[in-house]
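# Geometric and topological summary
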Amino acid sequence: MTERKPPGVDFETWVDRQVREAAERGAFDNLPGAGRPLPSDSAPYDELWWIKGKMEREGISHLPPTLSLRKEVEDALAAAHEAASEAQARRIISAVNEKIRAAIARPPAGPPLNKKPFDVEEIAAEWRERH
C-alpha cells in the first residue's frame, strides 16, 4: 500500500520518489505491452474506449440473449458435425435443442430468435455421411 504524503513535502518530489523507488524495485519490469507502440490516437474519441479494450483483451462480448443463442446454435451445429462419435453429436444437438425450446417458451430480450429445434436423427444421419 502506498504511504501517505508527509506534511511539508512537496507533492511533486514525493511522487517522483515513489516512482523512482518502484522502478528500483522492478515494479515496472515486464509490463504488458512493453516495447510495443502506443495505440493510434487518430481514431475518434469514444467514451467507452477502455471498456471496449477490456472486452477485447478478455475475449468477451455483449450481445442480446437471442443473438448470443443464435451464435451458440451455429457453433453447436458445427461441433456436432465435427464430433468424435455419433453419440457425442447427439448430445451436443440435444443440449442446444433444450436451450432453443426454453427460448421459444419464454422469449428473451432482443430480436426474435428465428430458430427451431434440430431434428436429432437428421443431424445424426448427416454425421454418419461425413464420417
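Predicted model only: the values in this text are computed from it and were never measured.

Quick look at the overall build of the protein now. From N to C terminus, the protein includes five helices and zero strands. Helices and strands in the protein line up, N terminus first, as α-α-α-α-α. A globule of 131 residues ought to have a C-alpha radius of gyration of about 14 Å, yet the protein, at 26 Å, is considerably larger. In terms of principal-axis extent, the alpha carbons of the protein reach across some 80 × 35 × 35 Å. Each of the 131 residues in the protein was classed as buried or not, and the buried ones make up 17%. A separation of at least 24 residues holds for 56% of the contacts in the protein among residues at least 6 apart in sequence. Summing over all exposed atoms, the protein offers an accessible surface of approximately 10,600 Å²; the carbon and sulfur share of this is 56%. Both charge centroids of the protein, one from 20 positive and one from 23 negative side chains, sit 5 Å from each other.

If you look at the biggest cluster of nonpolar residues, it comprises seven residues: Leu69, Val73, Ala76, Val96, Ile100, Ala103 and Leu113. Those elements giving two or more residues to this core turn out to be helix H3 (65-81) and helix H4 (86-105). Beyond its immediate stretch of four places on either side in the chain, Leu69 contacts Lys99, Ile100, Ala103 and Leu113. With six residues, the next largest nonpolar core counts Ala83, Ile93, Ile123 and Trp127 among its residues.

Before going further, it helps to spend a moment on the pattern of salt bridges. For the coordinates displayed, the defined rule picks out nine salt bridges. Measuring nitrogen to oxygen at the nearest pair gives 3.0 Å for the salt bridge that ties Lys71 to Asp75. Of this pair, Lys71 and Asp75 both sit in helix H3, four residues apart, which is roughly one turn of the helix. On the basis of relative accessible area, Lys71 is assigned to the partly exposed category, the value being 43%. Residues Arg90 and Glu121 are paired through a salt bridge, measuring 2.8 Å at the closest nitrogen-oxygen approach. Remark: Glu121 occurs in helix H5 (residues 120-130) and Arg90 occurs in helix H4; sequence separation between them is 31 residues. Of the residues examined, Arg90 reaches a relative accessible area of 26% and is grouped as partly exposed. Salt bridges here are not isolated pairs; linked through shared partners, they connect Glu86, Arg90, Glu121 and Arg128.

Our focus in this paragraph is the confidence of the model for the protein. Atomic detail in the predicted coordinates should be set aside for any region of low pLDDT. Per-residue pLDDT for the protein averages 87, and the proportion of residues at 70 or more is 95%. When mean pLDDT is taken per element in the protein, H4 scores highest with 95 and helix H1 (residues 11-25) scores lowest with 84.

Criteria and thresholds
Residues numbered from 1 in each chain as written. Predicted model: local features only at pLDDT ≥ 70, side-chain atom pairs only at ≥ 80, totals over all residues. Heavy atoms only, no water. Helix = DSSP H or I, 4+ residues; strand = E, 2+ residues; numbered from the N terminus. Rg over C-alpha atoms; globule rule 2.2 N^0.38 Å. Buried < 20%, exposed > 50% of the residue type's maximum accessible area, 1.4 Å probe, protein only. Contact = heavy atoms within 4.5 Å. Areas by Shrake-Rupley, 256 points an atom, 1.4 Å probe, with all protein chains shown as cover. Lys, Arg positive; Asp, Glu negative; His and termini not counted. Charge placed at Lys NZ, Arg CZ, Asp CG, Glu CD. Core = buried A, V, L, I, M, F, W, Y, C linked by side-chain atoms within 4.5 Å. Salt bridge = Lys/Arg side-chain N within 4 Å of Asp/Glu carboxyl O. pLDDT = per-residue confidence, 0-100.

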